[in-house]
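Read off the chains here:
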Amino acid sequence: SITRTAVGTYTVTCKGVGGGSLFAGSGSWGPGGHVQVTSYGSEDADYCKVVNWTTGGADFSANVRCYNHAGALSDNRFDLLFVW
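From a predicted model like this one, the values you see are computed outputs, not experimental measurements.

A. Representation of the overall build of the chain in the model. When you go through the chain residue by residue, the secondary structure sums to zero helices and six strands. Mapped in sequence order, the helices and strands of the chain form the string β-β-β-β-β-β. Within the chain, the fraction of its 84 residues that count as buried is 30%. Partitioning the intrachain contacts of the chain with sequence separation of at least 6 by distance along the chain shows that 58% fall at a separation of at least 24.

B. Structural detail: the nonpolar core. Within the largest apolar cluster, seven residues are counted, these being Tyr10, Val12, Val37, Cys48, Val64, Cys66 and Phe78. Residue assignment for this core shows that the elements contributing at least two residues are strand E2 (9-14) and strand E5 (60-67). When residues no more than four places from it in sequence are discounted, the contact partners of Tyr10 are Ile2, Thr3, Arg4, Thr5, Ala62, Asn63, Val64, Cys66, Asp75, Asn76 and Phe78.

C. Expanded view of the pairing of strand E1 (residues 2-6). Direction of pairing for E1 relative to E2: antiparallel, over a ladder of four bridges. Within the sheet, the bridge partner assigned to Ile2 lies in E2 and is Val12. Counted between consecutive antiparallel strands, the loop separating E1 from E2 contains two residues, among which Gly8 sits at a positive phi close to 70 degrees.

Each value, and the rule that gives it
- Residues numbered from 1 in each chain as written.
- Predicted model: local features only at pLDDT ≥ 70, side-chain atom pairs only at ≥ 80, totals over all residues.
- Heavy atoms only, no water.
- Helix = DSSP H or I, 4+ residues; strand = E, 2+ residues; numbered from the N terminus.
- Buried < 20%, exposed > 50% of the residue type's maximum accessible area, 1.4 Å probe, protein only.
- Contact = heavy atoms within 4.5 Å.
- Core = buried A, V, L, I, M, F, W, Y, C linked by side-chain atoms within 4.5 Å.
- Pairing = 2+ DSSP bridges.

See the structure below:
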């Protein structure tokens, strides 16, 4: 799910895929991973960046901020990729 918390500020949550999830019955994956975000769909030179992410619990969660060409927070669409 994606929650807009303020202008240009979002929290992305993926249930059940955090590092605390069981992996083949042998415990947990542990925290870690890598996250990338790319803005799209705008005619302006908008961009988004990952502020931080957590993977140690049962869920994966990432905080994303998007900016317009002047550097101010602005609402924008984005793709997010996370890998272990």
